[in-house]
Amino acid sequence: MTGYYDLILGLIPLALVGVTGALSVAGLALTTAIPLGATASVLLIGHALFVNGPVDNAPPAQSSTPVNSAD
């Protein structure tokens, strides 16, 4: 099953090539289209890292004070 990060990994080169190609066909110079395509890829990477970042499901930390069951 494909997850969020699998989709992001597929969209990064697709955004780079797709946006660059679309802007180039639309009439922008290649020296302008490539940085704009790269910006789209960087935004996807930034979203995957900082907005919807990977997290570990660590168990909750245990207390260092002993629990007295006789109370």
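None of these values were measured; they are calculated from a predicted model. (Residues numbered from 1 in each chain as written. Predicted model: local features only at pLDDT ≥ 70, side-chain atom pairs only at ≥ 80, totals over all residues. Heavy atoms only, no water.)

A. Representation of the side chain of Ser-41 within the structure. Relative to the helices and strands, Ser-41 resides in helix H2 (residues 30–51). We classify Ser-41 as buried; its relative accessible area is 6%. With residues up to four places along the chain from it excluded, the contact list for Ser-41 reads Ile-12, Ala-15 and Leu-16. (Helix = DSSP H or I, 4+ residues; strand = E, 2+ residues; numbered from the N terminus. Buried < 20%, exposed > 50% of the residue type's maximum accessible area, 1.4 Å probe, protein only. Contact = heavy atoms within 4.5 Å.)

B. Quick look at the packing of helix H1 (residues 4–25) against H2. Between H1 and H2, whose axes approach to 7 Å, the crossing angle comes to 165 degrees. Our classification of the angle between H1 and H2 gives roughly antiparallel. H2 is crossed by H1, and the crossing has right-handed handedness. The residues of H2 that touch H1, namely those facing Tyr-4, Tyr-5, Ile-8, Leu-11, Ile-12, Ala-15, Leu-16, Val-19, Thr-20, Leu-23 and Ser-24, are Leu-30, Ala-33, Ile-34, Leu-36, Gly-37, Ala-38, Ala-40, Ser-41, Leu-44, Ile-45, His-47 and Ala-48. When the residues that make up the contact of H1 with H2 are grouped by side-chain class, the tally is 18 nonpolar, five polar and no charged. (Axes fitted to C-alpha atoms, helices over the stretch in contact; angles between N-to-C directions. Parallel < 35°, antiparallel > 145°, perpendicular 65-115°, else oblique. Left-handed = near helix turned anticlockwise from the far one by under 90°. Nonpolar A, V, L, I, M, F, W, Y, C, P; charged D, E, K, R; others polar.)

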